[in-house]
Amino acid sequence: MFVHSQIEIQGFVQGVGFRPFVARLATRFLQNGGIKNTSTGVLISVEGLQIQQQEFFDALQNELPPFAEIHYLKITSEPLQNFNQFEISPSVSNSRTFAFSLPDIATCPECVEDIFNPKSRYFRYPFTSCCSCGARYSIATRQPYDRENTSMAKFILCLDCESEYRTIDNRRFHAQTIACPTCGVQLSFLDNFGNFIAEKEDALESAVKALKAGKIIALKGIGGYQLVVDATNETAVQRLRERKKRPMKPFALMVKNLAAAHLLCDIRELEQSALTSSAAPIVLLKRREFSDIAKSVAPQQSLLGVMLAYSPLHHLLLHDFNSPIVATSGNRSNEPICIDNTQALEKLADIADYFLVHNRAILRPLDDSIAREINGKMTVFRRARGFAPLPIKINAIMPNTLAVGGQMKNTIAISHNNQTILSQHLGDLDSEATRKQFEKILADLQKSYAFEPLRVMHDLHPDYVSSQFAANLNIEKHAVQHHYAHALSCMAENNVLPPALGIVFDGSGFGLDGTIWGGEFLLIDEKGFERFAYFHPFPLVGGSKAIQEPRRAALGLLFCCYGEVAFEKMDFDFSQTEKTILKIALTKNLNCPKTSSVGRLFDAVASLLEICHVNQYEGHAAMLLESCAAKSKTNDFYTFEIKEKIIDWKPMIEQLLTDKKSQLTNYCAAKFHNTLAKISLEIAQRANQKNIVLSGGCFQNAQLTTKIFVELTAANFSVYTHQNVPPNDGGLALGQLFAASF
Ligand code: ZN
Ligand code: ZN
Ligand code: FE
């Protein structure tokens with residue numbers, strides 16, 4: 001019997017070669033009809049023998065192409081129409097817009113083969129792609145995902161590309177980003193005044209020569225510009241540091257393939273799959289002791305941030321250069337990554353010597369994402385290229401809400417028609433440029449998803465740029481306490497519903513009592529949270545200066561323990577004048593805000609152990625302390641006291657100072673980590689909640705996370721940690737959003 005059915009599908013069905021896949025199935029099961037993209041997904045018509053149509057339905061769901069996912073599927077019977085073929089018809093837009101854009105996908109192995117195959121017409125073409133790889137979100141203007149809705153629209157297909165595009169069994173059948181040397185995007189090489197030097201193959205050759213000569217190149221990549229330089233050339237790397245005004249913060253590396261990464265780092269299985277995944281993030285890996293990477297790439301670090309070439313341009317450049325490169329975000333410090341040629345030439349001219357650019361517009365800034373294996377799970381620290389805008393699956397009914405995130409590592413989250421989207425990493429809202437970016441990306445999200453929020457969620461801190469932005473919106477507003485939002489973000493991504501205990505170890509956040517919180521045990525139920533326990537607050541002498549200088553946090557701790565005698569305990573490299581000022585500040589309690597922050601406790605301990613007195617970048621001291629701890633196998637821990645809700649670290653600090661005289665630094669550092677795990681266990685037992693979530697910036701520390709996880713699971717608690725959402729402030733927006741569901 002002949003039947004006609006219509007199938008409506010939502011999910012990841014655009015930009016993944018879904019229409020070609022369906023067309024092939026239709027041919028296989030002798031079905032006529034057609035398929036088209038809509039703003040919500042795809043619509044399929046099939047007409048043919050009922051028995052074969054059933055097989056078509058089964059294959060449709062069981063043989064999905066990579067990246068495709070069906071979230072919703074509805075089949076309806078229709079009257080026969082006597083189609084005489086199966087065709088891919090033009091897209092239609094309907095009013096409800098929420099088809100998902102796909103994230104940018106790293107070049108697939110077949111396309112890599114093409115660009116290195118002299119017989120292929122894609123040989124050495126830096127913008128090769130197919131149905132299963134290439135730029136997606138970074139070049140999409142609107143939905144549905146068709147070539148005319150991307151920045152590829154201006155490139156008219158040549159006859160060869162046209163023919164591949166129309167051939168059903170071709171890998172590039174309906175590949176929206178199809179392009180070749182004849183008709184597609186082209187490379188140019190410019191000096192830092194924007195003067196043209198070379199194009200196409202010559203541009204690439206000139207770039208490789210410049211790299212060999214130690215020059216800095218601003219390279220237009222997928223989600224923005226990158227600054228690249230020979231990673232084995234110490235002078236060149238130092239020049240990049242000087243020009244970028246970035247003295248110490250580690251640079252990420254890019255290598256040509258997995259084998260090249262293995263030469264630099266010890267790589268475990270999970271890390272290997274992250275490196276080679278379609279998102280191709282920077283993965284923090286344990287560095288090998290000997291390699292020819294320049295010292296100043298990642299001074300003092302036991303980890304190296306490494307990514308693999310993820311676009312054909314990167315593949316060709318690294319193949320020809322044949323050595324690792326530094327690849328860091330193409331921005332001025334504290335500003336967003338550059339995406340536009342003119343803007344890049346203006347902003348990066350005094351950093352880069354040359355520009356390797358192309359004539360396809362990048363429409364959205366997407367930094368390289370960063371991930372690390374923690375306690376056997378990949379945890380994303382910076383969620384951008386390759387991840388955004390994948391929705392976060394949340395098991396709750398979410399009203400249409402906007403969450404504007406925090407101040408640092410800002411991201412925006414929206415829930416719309418019960419889908420939750422977390423924006424890509426936008427950066428610190430301190431700079432005017434990032435603020436503009438924030439507004440632009442918000443407008444972009446609203447437009448892409450036809451989204452009108454009913455309410456806005458923001459941080460409790462009144463001075464955050466994001467909070468002020470929310471205050472000016474004419475809709476219902478809700479403030480969400482910083483650490484509550486951290487805990488909720490971890491609950492949301494792990495589908496943990498209240499009640500739960502949130503262990504939030506963080507830098508700093510505005511507390512309900514107006515003091516700075518950051519070492520919090522929060523009991524969470526449907527109504528909100530209770531501050532169940534927290535670390536004894538200590539003074540941060542000099543306020544925000546104490547965030548840059550761990551020695552100030554250390555002095556604050558010592559002052560709590562010993563009063564003025566603190567100044568005789570340690571020197572901390574303060575000058576005599578500084579000491580006088582600090583003494584007055586502490587004794588008279590001037591500009592000494594109190595904090596319960598575990599982030600600052602890490603800083604203080606790092607300074608007390610003389611590992612780091614002054615941070616050169618965020619998290620510097622804590623990272624060094626972690627790598628010391630990783631070198632000791634001790635299970636010893638320090639004494640601590642819990643009085644009512646307050647965890648007193650004084651006995652720990654006193655013992656640590658004694659230990660320091662006779663024990664190795666690594667031993668003391670590990671013992672400090674162990675103590676935090678024991679404290680967590682003690683509080684968890686008092687709170688007596690089965691489900692425990694770990695969140696906050698300190699959980700980027702693998703030692704800390706693992707130790708607490710082991711301690712708590714051994715006592716039969718269910719412990720949840722971050723994976724798809726950053727434990728740092730990049731996850732706040734999601735937590736704020738989740739708060740709206742209660
Ligand atoms: Zn491909
Ligand atoms: Zn072509
Ligand atoms: Fe935070």
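No experiment lies behind these values; they were computed from the predicted model shown.

### Examining a nonpolar patch on the surface
A surface patch of nonpolar side chains, about 410 Å² in accessible area, is lined by Phe2, Leu49, Ile51 and Leu80. Within the secondary structure layout, Leu80 lies in the loop between strand S4 (69-78) and strand S5 (86-88).

### With respect to the environment of Lys220
With respect to the secondary-structure elements, Lys220 resides in strand S8 (residues 217-220). For Lys220, a relative accessible area of 3% corresponds to the buried category. As a C-alpha pair, Lys220 and His358 span 138 residues in sequence and 6.9 Å in three-dimensional space. Leave out the neighbours within four places in its chain, and Lys220 touches Tyr225, Leu313, Ile339, Asn341, Leu356, Val357, His358, Arg360, Ala361 and Ile362. Within the local environment of Lys220, its side chain forms a polar contact with the backbone oxygen of Arg360, the two atoms lying 2.8 Å apart.

### Topic: the coordination of the zinc ion (ligand 1)
Where a metal carries four tetrahedral donors, each ideal angle is 109.5 degrees; where it carries six octahedral donors, the ideal angles are 90 or 180 degrees. Coordination sphere of the zinc ion (ligand 1), protein contribution only: Cys108 (SG), Cys111 (SG), Cys130 (SG) and Cys133 (SG), at 2.3 Å. Between the 4 donor atoms coordinating the zinc ion (ligand 1), the angles at the centre fall across 104 to 118 degrees, so the site counts as tetrahedral.

### Notes on unusual backbone geometry
Cis geometry is adopted by the peptide bond preceding Pro389, which originates at Ala388 and carries an omega value of 0 degrees. Assignment of secondary structure puts Pro389 in the loop between strand S17 (377-382) and strand S18 (391-392). Across the junction of Pro498 and Pro499, the peptide omega takes the value 5 degrees, indicating a cis bond. Positionally, Pro499 belongs in the loop between helix H13 (482-493) and strand S24 (500-510). The phi torsion at Asn591 lies on the positive side, around 45 degrees, for a residue other than glycine. Inspection of the secondary structure assignment puts Asn591 in the loop between helix H17 (576-588) and strand S28 (594-595). The exposure class assigned to Asn591 is exposed, which follows from its relative accessible area of 53%.

### Here's the deal with helix H6 (residues 234-244)
Buried within H6 are the following residues: Ala236, Val237, Leu240, Arg241 and Lys244. End-on view of H6: buried residues confined to an arc of 145 degrees, all on one side of the axis. Away from its buried face by more than 90 degrees, H6 exposes Thr235 and Glu242. Turning to H6, the residues buried within the fold contact strand S9 (225-230) and strand S14 (325-329). Two or three places before Thr235, at the opening of H6, Asn233 has a side-chain oxygen 3.2 Å from that residue's backbone nitrogen. Backbone geometry just after H6 places Lys245 at a positive phi near 50 degrees.

### Thoughts on the pattern of salt bridges
One pass over the full model with this rule turns up 37 salt bridges. Of the charged contacts, one joins Glu63 and Arg28 as a salt bridge, the two residues approaching to 2.9 Å between their closest N and O atoms. Of this pair, Glu63 sits in the loop between helix H2 (50-62) and S4 while Arg28 sits in helix H1 (residues 18-28), and the two are 35 residues apart along the sequence. By relative accessible area, which is 47% here, Arg28 ends up partly exposed.

### So, the nonpolar core
In terms of nonpolar packing, the biggest core is built from 73 residues, with Phe505, Phe521, Phe535, Leu608 and Ile653 touching the most fellow members. Residue contributions to this core peak at 12 residues, all from helix H21 (residues 665-687). Of all hydrophobic cores here, the second largest spans 54 residues; its members include Leu219, Ile282, Leu313 and Ile374.

### Section: the packing of helix H18 (residues 598-608) against H21
Two elements in contact, H18 and H21, have axes whose closest approach is 11 Å; the angle formed by their N-to-C orientations is 155 degrees. Between H18 and H21, the crossing angle belongs to the class labelled roughly antiparallel. In the crossing of H18 with H21, the sense of the turn from one axis to the other is right-handed. Note on element contacts: H21 touches H18 through Phe672, His673 and Leu676, opposite Val598, Leu601, Phe602 and Val605. Split into classes, the residues belonging to the contact of H18 with H21 amount to 6 nonpolar, 1 polar and no charged.

### Concerning the pairing of strand S1 (residues 2-12)
When you tally the buried positions in S1, you get 8 out of 11 residues, the bulk of the element. The pairing of S1 with strand S3 (residues 42-49) spans 8 bridges and is antiparallel. Across the sheet, the residue bridging to Ile7 is Ile44, located in S3. With 9 bridges connecting them, S1 and S4 associate as antiparallel partners.

### Examining the coordination of the zinc ion (ligand 2)
Within the first shell, the zinc ion (ligand 2) binds the protein through Cys158 (SG), Cys161 (SG), Cys180 (SG) and Cys183 (SG), at distances of 2.2 to 2.3 Å. If you look at the zinc ion (ligand 2), its 4 donor atoms make angles of 103 to 118 degrees with each other, and the shape they trace is tetrahedral. Sequence positions of the residues that donate to the zinc ion (ligand 2) give the spacing C-x2-C-x18-C-x2-C. Cys158 gets classed as buried once you look at its relative accessible area, which sits at 14%.

### Re the domain arrangement of the protein chain
Assigned domains of the protein chain: these are domain 1 (2-88), domain 2 (187-370) and domain 3 (538-595). Centre-to-centre separation of domain 2 and domain 3, based on C-alpha positions: 40 Å.

### A short note on the packing of aromatic side chains
Within the structure shown, the criterion is met by 16 aromatic pairs. Between Phe18 and Phe21, the ring centres sit 5.7 Å apart and the planes meet at 55 degrees, which makes this aromatic pair tilted. Here the residue Phe18 and the residue Phe21 both occupy positions in helix H1, the gap between them amounting to 3 residues, near one helical turn. For Phe18, a relative accessible area of 1% puts it in the buried group. Judged by its relative accessible area of 8%, Phe21 falls in the buried class. Aromatic ring contacts, followed pair by pair, group Phe505, Phe521, Phe535 and Phe699 into a single cluster. Across from the ring centre of Tyr137, 4.3 Å away, lies the NZ or CZ of Arg364, which sits over that ring. Taking the ring centre of Tyr562 as reference, the NZ or CZ of Lys569 above it sits at 4.1 Å.

Reading the values: the criteria
Going along each chain's sequence as written, the residues are numbered from 1 onward. By the order in which they are written, chains take letters starting at A while ligands take numbers starting at 1. Residues qualify for local features only when their pLDDT is at least 70, as the model is predicted, and side-chain atom pairs are given and counted only at 80 or more; totals for whole chains, interfaces and linings, by contrast, use all residues. Note that the side-chain values use all heavy atoms of the structure and ignore hydrogens as well as water. Patch members must show over 30% relative accessible area and no salt bridge, and they are joined within 9 Å when carrying like charges or within 5 Å when they are nonpolar side chains of Val, Leu, Ile, Met, Phe, Trp or Tyr. Each accessible area value is a Shrake-Rupley result obtained with a 1.4 Å probe; residue values ignore everything except the protein chains displayed when judging cover. Salt bridge criterion: a side-chain nitrogen from Lys or Arg within 4 Å of a carboxyl oxygen from Asp or Glu. Here a strand is any run of E in DSSP of at least two residues, a helix any run of H or I of at least four, and the numbering for each starts at the N terminus. Only protein chains enter the accessibility calculation, which uses a 1.4 Å probe; a residue is then buried when its area is under 20% of its type maximum, exposed when over 50%, and partly exposed in between. Residues count as neighbours in contact if any of their non-hydrogen atoms are within 4.5 Å of one another. By the criterion applied in these results, polar contacts are pairs of N or O atoms within 3.5 Å in which, for protein atoms, one can donate a hydrogen and the other can accept it, and in which residues neighboring in sequence qualify only through two side-chain atoms. As a rule, N, O and S atoms within 2.8 Å of a metal are its donors, except that Na, K and Ca use 3.2 Å; water is not among the atoms, so sites may look incomplete. Just to be clear on the cut-offs, tetrahedral is four donors with all angles between 85 and 135 degrees, square planar is four donors and octahedral six with opposite donors over 155 degrees apart and all others between 65 and 115, and anything else goes down as irregular. The directions considered for the arc are those from the helix axis to the C-beta atoms. Only buried residues count toward a nonpolar core. Its members are Ala, Val, Leu, Ile, Met, Phe, Trp, Tyr and Cys residues joined through side-chain atoms within 4.5 Å. Axis definition: a line fit to C-alpha positions, over the contact stretch in the case of helices; interaxial angles, taken between N-to-C directions, run 0 to 180 degrees. Orientation categories follow fixed angle ranges, with anything under 35 degrees roughly parallel, anything over 145 roughly antiparallel, 65 to 115 roughly perpendicular, and all other angles oblique. Throughout, a crossing is termed right-handed when the near helix is turned clockwise from the far one, and left-handed when it is turned anticlockwise from it by less than a right angle. Throughout this entry, Asp, Glu, Lys and Arg are counted as charged residues, while Ala, Val, Leu, Ile, Met, Phe, Trp, Tyr, Cys and Pro are counted as nonpolar. The remaining residues, Gly among them, count as polar. Two strands are counted as paired when DSSP detects at least two bridges linking them. Each domain's extent was defined by an automatic or database domain assignment. Ring pairs are drawn from Phe, Tyr and Trp, using the six-membered ring of Trp, whenever the two centres fall within 6.5 Å, and their geometry is named by plane angle: stacked under 30 degrees, edge-to-face over 60, tilted for the rest. Either the NZ atom of lysine or the CZ atom of arginine qualifies as a charge over a ring when it sits within 6 Å of the ring centre and within 35 degrees of the ring normal.

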